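A look at the structure
This is what each chain is made of:
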Amino acid sequence: MADSAHKTEPSNDLVETTQAHVGHGSDAHVEINPMEISGQMVIWTWVLFFITLGALYKLAWKPILGALDSREEEIQESIDHAETLRQEMAELEAVKAKQLAEADEKSRKILEAARKGAREQAEAIEEKARDEAAILTENALRDIDVSRALAEDGLRIKSAAWARALAGKLIEENLDDAKNQALTDKLIEEL
Amino acid sequence: MEHATETAQRSHHVNQWVMHHVTDSGEWHTPLWSLHLPSWISNNAIMLIITSFFLIIGFGSFFRYQKGKAPRGWTNALEVFVLFVRNEISIAYLGEKDGRKMAPLFLTFFFFILTANLMGLCPLFSTSTGNINVTLGLASVTFFFMVFGAMYVNGPIGFFKAFAPAGVPWPILIILMPIEMVGLVIKCAALTIRLFANMLAGHIVVFSLVGLLVTFGFWALPALAMALAINLLEVFIAFLQAYVFTVLSAMFIGEMYHPAH
């Protein structure tokens, strides 16, 4: 096959380019071994890798990782602070609820005491009113008794006068005032 | 017959072309310029220098913090990755104390590998992580921390105790300890090969699909769409491999820092 290749040269630009690149003639058989170890290339790799590592550490990784760490710390602090605030709020809520409960209890007691006081006061007023009413009733009854006694006295007097007048007419005896009075008093006395 | 021979010839040259583009070389050849590099530096070393320069300038200049103000724009976007790497990788595998301390290493691993991976997908640049020496260099950094970091944290005796699980009879330890020690190297070798092979394979696939066009002409036109699709997949792979390397490094270092016994 190699002999054939010598005889028939492909007139192709790429082949010529390849020959030019590889740096050999058309009959060249270049042995390219991709597994060939080159110490020089390994050293180039080390040197360039460590230069890159050092430079990037200084220029990029340190500031970036530092910024990430400080941001993480800030976020953690914010979370911790928020947690502290939440706990404080919960405690305040508990205190508020407790105070509200105490105020509720206190107001309930005040209301109860006020209600009790009002009830007692009402009862006292009622009692007093009842007593006063009883006194008034008693007084009124007494007044009534007095008035009735007075009325009865008056009626008695009137009745005696009428009876005397009737009796005078009946006996047709004209009695003078002194006699009339004496008779009347006598009759009243008798009544 | 002549046509078949010509196709075979093209295929051979495409193969050369693909391997030339995915492996390291002493030149930086683009359609715009062609630089022949001195012997002490290679194309992939240039890519690593650009990667470092981009990261240092980019992260050093564009990300600014103002005290007392919330981060905005790119700073905010970067913070998402930084937080993820610190919390889900570094702290998750190394614990709160060591995880915070080691976060810059894993952040640099992630962004260094990611930038190098993505650079290979941009025109004019190449994938330095498709070079086994680069991935070996990175994995050896992990190895360094697995050995000397663990010695610093647990002491030399504590470091060797990590290879001897508690309760295992001593005759078994004679066999087990060397296996565990070899395992330390194998873990780093796996890190090396995984990243290198993934990045190399992805680019070989993309270049091979483009090479099909050269070999078979317009008949292979659908391969261009496939190459584009694979290239988009490579963007995802770039992120995934950077993540995988960082996670596995954190896991391996974490296992040595805090042995499970």
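All values derive from a computational prediction rather than experimental measurement. (Residues numbered from 1 in each chain as written. Chains lettered and ligands numbered in written order. Predicted model: local features only at pLDDT ≥ 70, side-chain atom pairs only at ≥ 80, totals over all residues. Heavy atoms only, no water.)

Side note on unusual backbone geometry
Residues and elements named next belong to chain B. Despite not being glycine, Leu124 shows a phi value in the positive range, around 80°. Following the sequence through the fold, Leu124 ends up in the loop between α3 (73-119) and α4 (132-161). Residue classification places Leu124 among the partly exposed residues on the basis of a relative accessible area of 33%. (Helix = DSSP H or I, 4+ residues; strand = E, 2+ residues; numbered from the N terminus. Buried < 20%, exposed > 50% of the residue type's maximum accessible area, 1.4 Å probe, protein only.)

Some thoughts on the interface of chain A and chain B
One frequent convention defines the size of an interface as the accessible area lost when the parts assemble. In this complex, chain A contributes 49 residues to the contact, which on the side of chain B involves 60 residues. The contact between chain A and chain B buries some 4900 Å² in all, and 73% of this surface belongs to carbon and sulfur atoms. Linking chain A with chain B are 5 salt bridges, by the criterion used here. A salt bridge links Arg86 of chain B to Asp69 of chain A; its shortest N-O distance comes to 2.8 Å. Inspection of the region where chain A meets chain B yields 15 residue pairs in polar contact (both at pLDDT 80 or more). (Contact = heavy atoms within 4.5 Å. Buried area = accessible area lost by both parts, 1.4 Å probe. Salt bridge = Lys/Arg side-chain N within 4 Å of Asp/Glu carboxyl O. Polar contact = N/O pair within 3.5 Å; in protein donor to acceptor, adjacent residues only side chain to side chain.)

A few points about the side chain of Thr135 of chain B
All names here are of chain B. One can find Thr135 in helix α4. Polar side-chain contacts of Thr135 include one of 3.0 Å to the backbone oxygen of Ile132. Here Thr135 is in contact with Thr129, Thr192, Leu195 and Phe196, once residues within four sequence places are set aside.

A word on the confidence of the model for chain A
Averaged over every residue, the pLDDT of chain A is 79; the share at 70 or more is 79%. Ranking the helices and strands of chain A by mean pLDDT puts helix α3 (residues 39-171) of chain A first, with 89, and helix α1 (residues 2-7) of chain A last, with 36. (pLDDT = per-residue confidence, 0-100.)

As for the packing of aromatic side chains
Summed over the entire model, instances satisfying the criterion amount to 19 aromatic pairs over all chains. Here Phe159 of chain B and Phe163 of chain B contribute two aromatic rings whose centre-to-centre distance is 5.2 Å and whose plane-to-plane angle is 90°, an arrangement assigned as edge-to-face. We note that Phe159 of chain B, like Phe163 of chain B, is buried. A connected cluster of aromatic rings, assembled from ring pairs, spans Phe49 and Phe50 of chain A together with Phe109, Phe112 and Phe245 of chain B. (Phe/Tyr/Trp six-rings, centres within 6.5 Å; stacked < 30°, edge-to-face > 60°.)

A look at the layout of surface pockets
In this structure, the largest pocket spans a volume of roughly 900 Å³. Along the walls of the largest pocket sit 36 residues, with His21, Pro123, Leu124, Phe125 and Phe207 of chain B positioned nearest its centre. Of all the secondary-structure elements, those providing two or more residues to the lining of the largest pocket are α2 (13-22) of chain A together with α1 (2-22), β1 (27-29), α2 (43-62), α5 (170-216) and α6 (222-257) of chain B. Per-element tally for the lining of the largest pocket: the top contributor is α5 of chain B, with 6 residues. (1 Å grid on protein atoms, 1.4 Å probe; cavity = no way out; pocket = protein on both sides within 12 Å on 5 of 7 lines; lining within 4 Å. Points joined across faces, edges and corners; volume = space filled by probe spheres on them.)

A closer look at the environment of Glu88 of chain B
Residue and element names in this part refer to chain B. Examined against the element boundaries, Glu88 turns out to sit in helix α3. The exposure class assigned to Glu88 is partly exposed, which follows from its relative accessible area of 48%. Dropping the residues within four chain positions of it, Glu88 is found in contact with Leu83 and Tyr93.

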